[in-house]
Amino acid sequence: MGKLSIISELWQFLKVRKKWWLAPILILLLLLGALIVITQGSALAPFIYAIF
């Protein structure tokens, strides 16, 4: 059981329960998390953290 099983379970949940309104929220959270990880060591970090 790894990360892929969590993703597949989440996908199954979205398909079966018809919770498609959750998809944009999850995508936005993933993009923001990736932005924070990518800019963590750069000079942009203080500006990214100021957004939150």
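Residues numbered from 1 in each chain as written. Predicted model: local features only at pLDDT ≥ 70, side-chain atom pairs only at ≥ 80, totals over all residues. Heavy atoms only, no water.

**Notes on the overall build of the chain**
Here's step 1: The secondary structure content of the chain amounts to three helices and zero strands.
Here's step 2: Along the chain, from the amino end to the carboxyl end, the secondary structure elements read α-α-α.
Here's step 3: Of the accessible surface of the chain, which amounts to about 4700 Å², a share of 76% is contributed by carbon and sulfur atoms. (Helix = DSSP H or I, 4+ residues; strand = E, 2+ residues; numbered from the N terminus. Areas by Shrake-Rupley, 256 points an atom, 1.4 Å probe, with all protein chains shown as cover.)

**Quick notes on a nonpolar patch on the surface**
Here's step 1: Taken together, the side chains of Trp21, Ile25 and Leu29 present a nonpolar region at the surface, about 350 Å² in accessible area.
Here's step 2: You can see Leu29 is positioned in helix H2 (residues 22–38). (Patch = residues over 30% accessible without salt bridge, like charges linked within 9 Å, V, L, I, M, F, W, Y side chains within 5 Å. Salt bridge = Lys/Arg side-chain N within 4 Å of Asp/Glu carboxyl O.)

**Points about the confidence of the model for the chain**
Here's step 1: Across the chain, the average pLDDT comes to 79, with 81% of residues at or above 70.
Here's step 2: Here helix H3 (residues 45–51) is the element of the chain with the lowest mean pLDDT, 70, and H2 is the one with the highest, 84. (pLDDT = per-residue confidence, 0-100.)

**As for unusual backbone geometry**
Excluding glycine, residues mostly carry a negative phi; peptide bonds, for their part, are mostly trans.
Here's step 1: Phi is positive for Lys18, close to 55 degrees, though the residue is something other than glycine.
Here's step 2: Among the secondary structure elements, Lys18 is positioned in the loop between helix H1 (3–17) and H2.
Here's step 3: When its relative accessible area of 58% is taken as the criterion, Lys18 is described as exposed. (Buried < 20%, exposed > 50% of the residue type's maximum accessible area, 1.4 Å probe, protein only.)

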